[in-house]
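Chain by chain, the residues:
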Amino acid sequence: MCQHTLAGLSIAPAEVYRNTQAYFVIYDSESDVLNVVRDNETLKQLAPYDVVVTCQATSEKYEDYDFVSRYFWPANGGDEDPVTGSIHTGLAPLWAKRLAKNELVAYQASSRGGVLDCTVAGDRVLISGNAVSYLTGFITVKE
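Residues numbered from 1 in each chain as written. Predicted model: local features only at pLDDT ≥ 70, side-chain atom pairs only at ≥ 80, totals over all residues. Heavy atoms only, no water.

(A) Inspection of the packing of aromatic side chains at higher detail. Tallying each qualifying case throughout the model produces 5 aromatic pairs. On the basis of an interplanar angle of 50 degrees and a centroid distance of 6.3 Å, the ring pair of Tyr62 and Tyr65 is categorised as tilted. Owing to a relative accessible area of 7%, Tyr62 belongs among the buried residues under this scheme. With a centroid separation of 5.8 Å and an interplanar angle of 40 degrees, the aromatic rings of Tyr62 and Tyr107 are classed as tilted. With Tyr62 in the loop between strand S3 (50-56) and strand S4 (67-72) and Tyr107 in strand S6 (residues 103-108), this residue pair connects regions lying 45 residues apart in the sequence. No difference in accessibility class separates Tyr62 from Tyr107, as the two residues are buried. (Phe/Tyr/Trp six-rings, centres within 6.5 Å; stacked < 30°, edge-to-face > 60°. Buried < 20%, exposed > 50% of the residue type's maximum accessible area, 1.4 Å probe, protein only. Helix = DSSP H or I, 4+ residues; strand = E, 2+ residues; numbered from the N terminus.)

(B) Representation of the state of the cysteines within the structure. Within this structure, the stated rule accounts for 0 disulfides. Looking at the unpaired Cys55, the closest cysteine sulfur is the one in Cys118, lying at 15 Å. (Disulfide = S-S within 2.5 Å.)

(C) Region of the structure containing the pattern of salt bridges. Overall, the coordinates contain 6 salt bridges when judged by the stated rule. As a salt-bridge pair, Arg98 and Glu15 come within 2.6 Å of each other at their nearest N and O atoms. Residue Arg98 is located in helix H4 (residues 85-99), and its partner Glu15 is located in strand S1 (residues 15-18); the two are separated by 83 residues in the primary sequence. A salt bridge links Lys101 to Asp66; its shortest N-O distance comes to 2.8 Å. A residue pair is termed long-range when its members are at least 10 positions apart, and Lys101 in the loop between H4 and S6 and Asp66 in the loop between S3 and S4 qualify at 35 residues. (Salt bridge = Lys/Arg side-chain N within 4 Å of Asp/Glu carboxyl O.)

Everything listed here is a matter of coordinates, which is why it stays silent on function.
And the structure:
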């Protein structure tokens, strides 16, 4: 486990894993996920990896969800992402295995928050939900 992960979060995790995108910090309760405070300067030292904090949803407040998460990406130039589909391609298989189910409902507990429906189908993860448009435009690729 990277010591910057521990130093960059105010609450000690129960477990920590890493894939090609991020450190996966597992907590025992929603209150840990909701209340953890991050030190962005310390988390920047994890580059190129980001940090996702997560736990199984167990309280009445989150009874409609299988797991809860927050996603921090200061190592790649940002802060806390509101709702992140890409990190759920790693979270869904983790929770699918732990919960012994392939269809999951996730809640990303950012200030805006968002719900993602996740299906683990073999080596694929299908993610759906409602999106919020934040930009409309055109991109021109010059050769």
